[in-house]
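The primary structure of each chain is shown beneath.
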Amino acid sequence: MPPSCAVNAANVRARDREPGKIGKTPPKVLNMVSPAVSRDLVVVGAGIVGASVAYHAARAGADVTLVDAGLPGAGVTADSFAWIGASGVRKGPAAGLRATATAEYHRLGAELPGLPVTWSGSLSWTREGSAPDAGPGQTIVDAATVATLEPTLRQPPEWAVWAPDDGAVDSVGVTERLVAGARAHGARVHLDTPVTAVRRDTAGRIAGVETTAGPLSGATVVLAAGAATAALGAPLGVRVPVEPSPCPLIRLSAPAGPVRTVVNTEDFDLRQVAADRLIAAADSPERTLAAVRSTFRGAGDVELLSTRLGVRPMPADGEPIVGPVAGVPGLYLAVMHSAVTLAAAVGRLVARELVDGTAESALSGCRLDRF
């Protein structure tokens, strides 16, 4: 069985890009998101999605307040394996969004120089001997090529999927940069400030949020609070079908340079994050440690440092829930799995919907009303 948080190389990493979509602005329909678009926003949640929404909205001229119970990226964002790639699932509401993932991060990196992103490419393989399928942006490579890409492998697989444009991010570092960028564009940021409720006025419109430090006003509230989004929506009569899904992230000590790419196997997702540090997404720390030692030469001294159990928000159908909520004017949702992968794209598109009043076609399959 593949690790619960690892990406399955056969059915996830071989994703089709939609031809011609990268770098182009999706078609839009004016004035469909809200009958009275407001530029006065409260974003609840300073994980990578909320931080991206706050940054893009503030950059677009909105009056933004960002509020979180802790520090930027301190929740499940910190426990993400943080693999990003333009290849993705071939179908589903988020297929187009995933296809733009790397392009959006390159765009974001140009806006925020020094963004902590590593463009290493990724290698995926299984124990099966037959050559796997590859999607656009991916190449099937043989054992000799795998050995060149990952020279410390003890037994390079006969075949692997090579995605040269894939990368990974320092998820907390990116989130902190987004929050700093939002501040630079005038956003107010309230950290260590838990939100206790969403406020409505006498007409039923959103009026802001209640926090442990007092009320914060805003004509639009964006709930980007991960697994806590459902609890915040419930008192408003809004059912958000999101469940907490545990996801272990394993940190290992390691000598410099045993892993050069993002490696995806049936045992683990693995990447080097520092000269002396690896992280892995997998179910069992002990089995992962043994697998790493047996997979790479010179890994006999690798040791387990820590295991954190993150709680990622998992929508009922696995697809993002993004958009306004019918019947609650001023309420907007932004909650998803693969939050790190999609954050750059979703933040930009959500800001366009909220600030410009457009309905972005790339988000049309992600609305709450599909349930």
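Going along each chain's sequence as written, the residues are numbered from 1 onward. Totals for whole chains, interfaces and linings use all residues, but because this is a predicted model, local features are given only for residues with pLDDT of at least 70 and pairs of side-chain atoms are given and counted only at 80 or more. To get the side-chain values, take all heavy atoms of the structure and skip hydrogens and water.

Asks: Outline the overall build of the protein chain, supporting the account with residue identities and numerical values.
Replies: Looking only at helices and strands, the protein chain features nine helices and 22 strands. Accessibility here uses a 1.4 Å probe with only protein chains present; expressed as a share of the type maximum, an area under 20% marks a residue as buried, one over 50% as exposed, and anything in between as partly exposed. The buried share of the protein chain, reckoned over its 371 residues, is 54%. By element, 53% of the accessible surface of the protein chain is carried by carbon and sulfur atoms, the whole surface being about 15,000 Å². Think of it this way: any DSSP run of H or I at least four residues long counts as a helix, any run of E at least two long counts as a strand, and we number them from the N terminus. Note on areas: Shrake-Rupley, 1.4 Å probe, and residue coverage restricted to the protein chains presented here.

Asks: Kindly report on helix α8 (residues 285-295), identifying the contributing residues and their values.
Replies: When we look at burial in α8, the residues that qualify are P285, T288, L289, A291, V292 and T295. In a view along the axis of α8, the buried residues occupy a sector of 165°, so they form one face of it. Turned more than 90 degrees away from the buried face of α8, the exposed residues are E286 and R287. It only takes one pair of heavy atoms within 4.5 Å for two residues to be counted as in contact. Looking at the buried positions of α8, the neighbouring elements they touch are β15 (242-253), β17 (269-274), β18 (277-281) and β19 (303-315). Working note: the arc is built from the helix axis to C-beta atom directions.

Asks: Talk me through the packing of helix α2 (residues 48-59) against helix α4 (residues 101-111); I want residue IDs and the actual numbers.
Replies: Across the interface, α2 lies against α4 with an axial gap of 14 Å and an inter-helix angle of 60°. Our classification of the angle between α2 and α4 gives oblique. For the pair α2 and α4, the crossing hand works out as left-handed. Listed contacts from α4 to I48, Y55, H56 and R59 of α2 are Y105, R107, L108 and E111. Classification used: nonpolar for Ala, Val, Leu, Ile, Met, Phe, Trp, Tyr, Cys and Pro, charged for Asp, Glu, Lys and Arg, polar for all others including Gly. The residue makeup of the contact of α2 with α4, split by class, is four nonpolar, one polar and three charged. Lines are fitted to the C-alpha atoms to define the axes, a helix being fitted only along its stretch in contact, and any angle between axes, read from their N-to-C directions, falls within 0 to 180 degrees. Working rule for angles: under 35 degrees goes down as roughly parallel, over 145 as roughly antiparallel, 65 to 115 as roughly perpendicular, anything else as oblique. Left-handed describes a crossing in which the near helix is turned anticlockwise from the far one by less than a right angle; the clockwise case is right-handed.

Asks: Describe the sheet that holds strand β16 (residues 262-264), with residues and values.
Replies: Note: two strands are recorded as paired if DSSP finds a minimum of 2 bridges between them. If you walk across this open sheet you meet the eight strands as β7-β8-β6-β16-β17-β18-β15-β19, and the pairing is mixed. If you trace the sheet from one side to the other, it starts and ends with β7 (139-142) and β19, each paired once. Direction aside, the axes of adjacent strands within the sheet are offset by 25° on average. Across the sheet, α8 lies against β15, β17, β18 and β19, angled at about 120° from β19, the strand it touches most.

Asks: Lay out unusual backbone geometry in plain terms, naming residues and giving numbers.
Replies: Positive phi, normally seen in glycine, also occurs at A82, with a value near 65°. Mapped onto the elements of the fold, A82 is located in the loop between β3 (63-67) and β4 (83-84). Look at S338: it is not a glycine, yet its phi comes out positive at around 60°. In this structure S338 comes out as buried when scored by relative accessible area, which is 19%.

Asks: Account for the side chain of D68, naming residues and giving values.
Replies: Among the secondary structure elements, D68 is positioned in the loop between β3 and β4. His residues and chain termini do not enter the charge count, which takes Lys and Arg as positive and Asp and Glu as negative. What makes a salt bridge here is a side-chain nitrogen of Lys or Arg within 4 Å of a carboxyl oxygen of Asp or Glu, nothing more. No salt bridge is formed by the buried D68, whose closest oppositely charged neighbour, R183, lies at an N-O distance of 11 Å. In terms of polar contacts, D68 uses its side chain to reach the backbone amide nitrogen of A46, at 2.6 Å. The definition of a polar contact used here is a pair of N or O atoms within 3.5 Å, where within protein one atom must be able to donate a hydrogen and the other to accept one, and adjacent residues in sequence count solely through side-chain atom pairs.

Asks: Describe the pairing of strand β13 (residues 214-217), with residues and values.
Replies: For strand β12 (residues 206-211) and β13, the ladder comprises four bridges, and the chain directions are antiparallel. Paired with E210 across the bridge in β13 is P215. If you look at the hairpin formed by β12 and β13, you'll find two residues sitting between the two strands.

Asks: An account of the pattern of salt bridges is needed here, citing residue identities and associated values.
Replies: Taken as a whole and judged by the stated rule, the model has 13 salt bridges. Between R199 and E210 there is a salt bridge whose closest N-O contact spans 3.5 Å. Within this pair, whereas R199 is found in strand β11 (residues 195-200), its partner E210 is found in strand β12, the two being separated by eleven residues in sequence. The class for E210 is partly exposed, based on a relative accessible area of 30%. For R370, the salt bridge is made with D317, and the minimal N-O distance between the two is 2.8 Å. Taken together, the residues R370 in the segment after β22 (358-360) and D317 in the loop between β19 and β20 (321-324) connect sequence positions 53 residues apart. In this structure R370 comes out as partly exposed when scored by relative accessible area, which is 27%. When salt bridges that share partners are traced, they join R59, E104, R107, E111 and R348 into one network.

Functional significance is not addressed by these values, which are geometric in nature.
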